[in-house]
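Structural features, examined
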Amino acid sequence: MSTTVTTDTREVTLDTDTVDVIAILEAEAEHSGRAARAKTTWTQEDDGEWIANYGGYFGGSVDKRDGRYVASDTFGLVVGDFATLEEAQTKLSDQLHVMLPSVIRPIA
């Protein structure tokens with residue numbers, strides 16, 4: 001899938017991955033001045049499965065698979081595959097802060 005953008009001087013076609021990267025960068029730039037973020041809390045649901053609560057909302061999960069930790073966001077999309085639980089949880093929390101800027105609140 002691609003998106004066509006028309007500027008004053010020329011037309012540019014961007015692939016879906018590029019559009020996704022631009023959206024993330026715009027979201028980061030929009031709230032970069034705000035240091036506060038929603039609090040992420042973790043609950044161990046089952047052996048090898050941790051659920052994220054991000055500011056009162058379901059934030060995703062981290063699942064242990066074959067000795068690795070796979071983080072998935074609130075939409076079920078894989079954020080990454082990590083060597084430690086802490087790395088996976090940190091990356092998911094950082095991703096949620098970018099993805100869900102309307103949830104951002106001061107840390108209590």
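On a predicted model such as this, the values are computed, not experimentally measured, just so you know.

1. Observations concerning the overall build of the protein chain
Counting its regular elements, the protein chain contains two helices and seven strands. Of all 108 residues assigned to the protein chain, the portion counted as buried reaches 31%. Once local pairs closer than 6 in sequence are excluded, the contacts in the protein chain between residues at least 24 apart make up 33%. Split by element, the accessible area of the protein chain, about 7100 Å² in all, is 51% carbon and sulfur.

2. Brief notes about the sheet that holds strand β4 (residues 49-54)
An order of β3-β4-β5-β6-β7 is seen for the five strands of this open sheet, with the pairing classed as antiparallel. The sheet is open, and its two borders are formed by β3 (40-46) and β7 (78-82), each paired with just one other strand. For this sheet, the mean angle separating the axes of adjacent strands, direction not counted, is 20°. Pairing of strand β6 (residues 68-73) with β7, which is carried by four bridges, proceeds in the antiparallel orientation. In the strand pairing of β7, Ser 72 is matched with Val 78. Lying on the sheet, helix α2 (residues 85-99) is in contact with β3, β4, β5 (57-65), β6 and β7; it crosses β5 at an angle near 155°.

3. A few points about the nonpolar core
Counting 13 residues, the largest nonpolar core has Val 62, Tyr 69, Ala 71, Ala 88 and Leu 92 as its most contacted members. Within the residue set of this core, elements represented by two or more residues are β4, β6 and α2. With four residues, the top contributor of residues to this core is α2. Non-local contacts of Ala 88, meaning those with residues more than four positions away in its chain, are made with Val 62, Tyr 69, Ala 71 and Phe 82.

4. Brief notes about the side chain of Ser 61
Among the structural elements, Ser 61 can be located in strand β5. If near-sequence neighbours (up to four positions away) are discounted, Ser 61 is found in contact with Trp 50, Ile 51, Val 70, Ala 71, Ser 72 and Leu 92.

5. Looking at the pattern of salt bridges
Any two side chains of opposite charge can pair, so long as their charged atoms come close to each other. Tallied over the full model, the rule gives two salt bridges. The salt bridge partner of Arg 65 is Asp 63, with a shortest N-O separation of 3.7 Å. Ionic pairing is found between Arg 68 and Asp 81, a salt bridge with its closest N-O pair at 2.7 Å. Of this pair, Arg 68 sits in strand β6 while Asp 81 sits in strand β7, and the two are 13 residues apart along the sequence. Judged by its relative accessible area of 34%, Arg 68 falls in the partly exposed class.

6. Focus on unusual backbone geometry
Phi angles above zero are rare outside glycine, and Asp 66 is one such case at about 50°. As for its placement among the helices and strands, Asp 66 is situated in the loop between β5 and β6.

7. A word on the confidence of the model for the protein chain
On average, residues of the protein chain carry a pLDDT of 81, and 75% of them reach 70 or more. Put simply, strand β1 (residues 2-6) is where the protein chain has its lowest mean pLDDT, 58, and β6 is where it has its highest, 96.

8. Focus: the environment of Glu 49
Relative to the elements of secondary structure, Glu 49 occurs in strand β4. Distance in space between the C-alpha atoms of Glu 49 and Lys 64 is 6.4 Å, their sequence separation being 15 residues. When sequence neighbours within four positions are dropped, the list of residues in contact with Glu 49 reads Thr 43, Gln 44, Val 62 and Asp 63.

Reading guide: rules and limits
Each chain has its residues counted from 1, running along the sequence as written. Only residues with pLDDT of at least 70 get local features here, since the model is predicted, and only at 80 or more are side-chain atom pairs given and counted; chain-wide, interface and lining totals rely on the full set of residues. Side-chain figures throughout are based on the complete set of non-hydrogen atoms in the structure, without hydrogens or water. Helix and strand labels come from DSSP, where a helix needs a run of H or I of at least four residues and a strand needs a run of E of at least two; each type is numbered from the N terminus. Residue exposure (1.4 Å probe, protein chains only): buried if accessible area is under 20% of the type maximum, exposed if over 50%, otherwise partly exposed. In what follows, residue pairs with any heavy atoms lying within 4.5 Å of each other are defined as contacts. Exposure was quantified through the Shrake-Rupley algorithm and a 1.4 Å probe, taking into account, for residues, occlusion by the shown protein chains and nothing else. Pairing between two strands requires that DSSP report at least two bridges joining them. Lines fitted to the C-alpha atoms define the axes, with helices restricted to the stretch that makes contact. Angles between their N-to-C directions range from 0 to 180 degrees. Residues belong to a common nonpolar core when they are buried Ala, Val, Leu, Ile, Met, Phe, Trp, Tyr or Cys residues joined through side-chain atoms within 4.5 Å. Think of a salt bridge as a Lys or Arg side-chain nitrogen and an Asp or Glu carboxyl oxygen that are within 4 Å of each other. A score from 0 to 100, pLDDT tells how confident the predictor is in each residue.

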